[in-house]
Amino acid sequence: MRGTVCSTVLRINSMSESEPDLLTQLGGTEGLRRVVDEMYVRVLADKDLNHFFADVEMDKLVRMQTEFMASITSGDIEYTGADLTRVHKGRGITRQHFSQFVGHFTSALQSHGVTPHAIDQVLGKLAMYSDKITGNANVDG
Ligand code: HEM
């Protein structure tokens, strides 16, 4: 019994040692900013999406988006921007827009050499925000 508990603890420890946190796997804050930059280049070239960003200050958006994604992929970073439900509300963003947007993020991650495993993990986290972005969040919690 004691042996089992011990080996479980050892296994958990060695797992956390062998796998760096998700933000590190995405290239750290600097690497992530480059990915986010490229994502918006792709988004602005997409005629289904670019009109949403016509009057947006893109430098600030890249900064806030990088901070948000860093905050959900690392325990050490705090997101200081606007509430996601409020900032996307009333813009007419559908699930289709959301999924195209995430597709551009995926392509940007791939072109920066992020592993499929890390990509899966970050996409899983982003999927949890779909209702907030598309305005389908009518129940809290
Ligand atoms: C994974 C999905 C998404 C995440 C995590 C996300 C996150 C964010 C963040 C962090 C900001 C900045 C808030 C601030 O300035 O404090 C923002 C702004 C914005 N987002 Fe998103 N977003 C997502 C998807 C989308 C989609 C699909 C669209 C439209 C097609 C969109 C349109 C916008 C626009 C137009 C702004 C700028 C608002 C402004 O500064 O006036 N977002 N988003």
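This structure is a prediction, so every number in the text was calculated from the model and none was measured.

Definitions and limits used
- Residues numbered from 1 in each chain as written.
- Predicted model: local features only at pLDDT ≥ 70, side-chain atom pairs only at ≥ 80, totals over all residues.
- Heavy atoms only, no water.
- Near = heavy atom within 4 Å.
- Polar contact = N/O pair within 3.5 Å; in protein donor to acceptor, adjacent residues only side chain to side chain.
- 1 Å grid on protein atoms, 1.4 Å probe; cavity = no way out; pocket = protein on both sides within 12 Å on 5 of 7 lines; lining within 4 Å.
- Sits in = over half its atoms within 2 Å of the grid points.
- Helix = DSSP H or I, 4+ residues; strand = E, 2+ residues; numbered from the N terminus.
- Nonpolar A, V, L, I, M, F, W, Y, C, P; charged D, E, K, R; others polar.
- Axes fitted to C-alpha atoms, helices over the stretch in contact; angles between N-to-C directions.
- Parallel < 35°, antiparallel > 145°, perpendicular 65-115°, else oblique.
- Left-handed = near helix turned anticlockwise from the far one by under 90°.
- Contact = heavy atoms within 4.5 Å.

**Q** Where do I start with the site of the ligand in this structure?
**A** Not every one of the 22 residues close to the ligand is listed here, only the nearest: Phe52, Gln65, Ala82, His88 and Arg91. Interatomic distance of 2.8 Å between a backbone N/O atom of Ala82 and an oxygen atom of the ligand. Between the ligand and His88, the relevant distance is 2.9 Å, taken from a nitrogen atom to a side-chain nitrogen or oxygen of the residue. Among the cavities detected, the one that contains the ligand is the largest pocket. Counting residues per element, the ones that place at least two in the shell around the ligand are α4 (58-73), α5 (84-88) and α6 (95-111). For the shell around the ligand, a count of residues per class yields 16 nonpolar, four polar and two charged.

**Q** Got a minute to help me understand the packing of helix α3 (residues 28-44) against α6 in this structure?
**A** Packed helices, taken two at a time, are described by the angle between their axes plus the distance between the axes. At a minimum axis distance of 8 Å, the contact between α3 and α6 shows a crossing angle of 130°. Here α3 lies oblique to α6, going by the angle between them. Crossing handedness for the pair α3 and α6: right-handed. Contacts between α3 and α6 involve Val35, Glu38, Met39, Tyr40, Arg42 and Val43 from the first element and Phe101, His104, Phe105, Ser107, Ala108, Leu109 and Ser111 from the second.

The analysis is restricted to geometry; functional conclusions fall outside its scope.
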